Amino acid sequence: MALVRLIYSSRKADGVDVPDLLRLLDKSTANNERDDITGLLYFTNNTFLQVLEEDVLPVNQLYRKIIIDMRHKEMNLIDYSFCIEREFPDWAMGFIELDATSIKKLCIGIQPIISIRELDSENALLLLKNSVQLCIDDLLILNETKIV
Ligand code: FAD
């Protein structure tokens, strides 16, 4: 098995609204669970950043579908590399939508803070990993609140 990690960015197409995104997310989660593809779809300011991890063949097949999807445009392949292990093993298709404050928190360690569209592979991966950590921290805070 040759595990690959693919990261790209793109911009949401005009006219695509929240229900469209939710449908897309449902379908993607079901498909990715079925195909053992892990990853994360990050969305902010009309921009997507997605990471996909699995064997070469399923990742390539999915990427071919995503490329021709009219719900987004201006795709930019940031990283396509072979890797030893998954960075997002527990996420069939995590979806993270962030506001400006959260983004500032996430950008710690990423210098200088630049637009998603300009991220290189190293910083794109760092941003996605920070996003997961932020979600976990928020969940912990929620849990603590519930217990109190
Ligand atoms: P189908 O059965 O062919 O389609 C299912 C339904 O999805 C259709 O009825 C239609 O309503 C809708 N749909 C499908 N394609 C389009 C389209 N091009 N434009 C508008 N509506 C459409 N798919 C994944 O499986 N995993 C992912 O991680 C993933 N990430 C995505 C990230 C982004 C930013 C975008 C824009 C799309 C992503 N997709 C993802 C969707 C992908 O492009 C294909 O639409 C999807 O994989 C088709 O799955 P299917 O063959 O099972 O669906």
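Along every chain, residues carry numbers that run from 1 in the direction the sequence is written. Residue-level local features of this predicted model are given only where pLDDT is at least 70; pairs of side-chain atoms are given and counted only at 80 or more, and the full residue set underlies all totals for whole chains, interfaces and linings. Excluded from the side-chain calculation are hydrogens and water; included are all heavy atoms of the structure.

**Observations regarding the overall build of the chain**
Then, number 1: Strands here mean DSSP runs of E at least two residues long; helices mean DSSP runs of H or I at least four residues long; both are numbered from the N terminus. If you tally the helices and strands in the chain, you get 4 helices and 5 strands.
Then, number 2: Moving toward the C terminus, one meets the helices and strands of the chain in the order β-α-β-β-α-β-β-α-α.
Then, number 3: Burial status follows relative accessibility: with a 1.4 Å probe on protein chains alone, a residue under 20% of its type maximum counts as buried, one over 50% as exposed, and anything between as partly exposed. Per-residue burial for the chain yields a buried fraction of 45% across its 148 residues.
Then, number 4: Contacts are assigned to residue pairs with any non-hydrogen atoms lying within 4.5 Å of each other. The contacts of the chain with a sequence gap of at least 6 include a subset with a gap of at least 24, amounting to 81%.

**Let's talk about a nonpolar patch on the surface**
Then, number 1: There is a patch of nonpolar side chains on the surface, built from Leu77, Tyr80 and Phe82 and spanning about 310 Å² of accessible area.
Then, number 2: The topology assignment puts Leu77 in strand E4 (residues 72–82). In this scheme, patches are assembled from residues that exceed 30% relative accessible area and form no salt bridge. Like charges are connected within 9 Å, while nonpolar side chains (Val, Leu, Ile, Met, Phe, Trp, Tyr) are connected within 5 Å. Computed with a 1.4 Å probe, the accessible areas rest on the Shrake-Rupley method; for each residue, only the protein chains presented here act as cover. We count a salt bridge whenever a side-chain nitrogen from Lys or Arg sits within 4 Å of a carboxyl oxygen from Asp or Glu.

**Some details on the site of the ligand**
Then, number 1: Lining the immediate environment of the ligand, one finds 17 residues, of which Asn31, Asn32, Gln50, Asp69 and Arg71 sit closest.
Then, number 2: Ser28 is positioned with one of its side-chain polar atoms (N or O) 3.4 Å from a nitrogen atom of the ligand.
Then, number 3: At a separation of 2.9 Å, an oxygen atom of the ligand approaches a polar side-chain atom of Arg71.
Then, number 4: Contributing elements (two or more residues each) for the shell around the ligand: helix H1 (18–35), strand E3 (47–55) and helix H2 (56–67).
Then, number 5: Of all the elements, H1 adds the most residues to the shell around the ligand, at 5 residues.
Then, number 6: For the shell around the ligand, the per-class residue count stands at 8 nonpolar, 5 polar and 4 charged. Whether a residue is near a molecule or strand is decided by its heavy atoms; if any one of them lies within 4 Å of it, the residue is near. Two N or O atoms form a polar contact when they lie within 3.5 Å of each other; inside protein one atom must be a possible hydrogen donor and the other a possible acceptor, and for residues adjacent in sequence the pair counts only when both atoms belong to side chains. Three residue categories are used. Nonpolar comprises Ala, Val, Leu, Ile, Met, Phe, Trp, Tyr, Cys and Pro, charged comprises Asp, Glu, Lys and Arg, and polar comprises the others, including Gly.

**As for H2**
Then, number 1: When the terminal C-alpha atoms of H2 are compared, their 16 Å separation across 12 residues agrees well with the 16 Å that a helix rising 1.5 Å per residue should span.
Then, number 2: Every buried residue of H2 is listed here: Pro58, Val59, Leu62, Tyr63 and Ile66. Considered in projection along H2, the buried side chains sweep an arc of 130° and stay on one side of the axis. The exposed residues of H2 that point more than 90 degrees off its buried face are Leu57, Arg64 and Lys65.
Then, number 3: Against strand E1 (3–12), H1, E3 and E4 lie the buried residues of H2. Any helix carries an expected span of 1.5 Å times its number of residues minus one. Here the arc refers to the directions that run from the helix axis out to each C-beta atom.

**Considerations on the packing of aromatic side chains**
Then, number 1: Working definition: a ring pair exists when centres of Phe, Tyr or Trp rings (six-membered ring for Trp) sit within 6.5 Å. Plane angles under 30 degrees give stacked, over 60 give edge-to-face, the rest tilted. Considering all chains together, one arrives at 3 aromatic pairs under this definition.
Then, number 2: For the pair Phe43 and Phe48, a centre-to-centre distance of 4.9 Å together with 40° between the ring planes defines the contact as tilted. Side by side, Phe43 and Phe48 carry an identical accessibility label, which is buried.
Then, number 3: Arranged with centres 6.5 Å apart and planes meeting at 85°, the rings of Tyr80 and Phe82 form a pair that is edge-to-face.
Then, number 4: With relative accessibility at 32%, the residue Tyr80 sits in the partly exposed group.

Interpretation in functional terms is not warranted from these geometric data alone.
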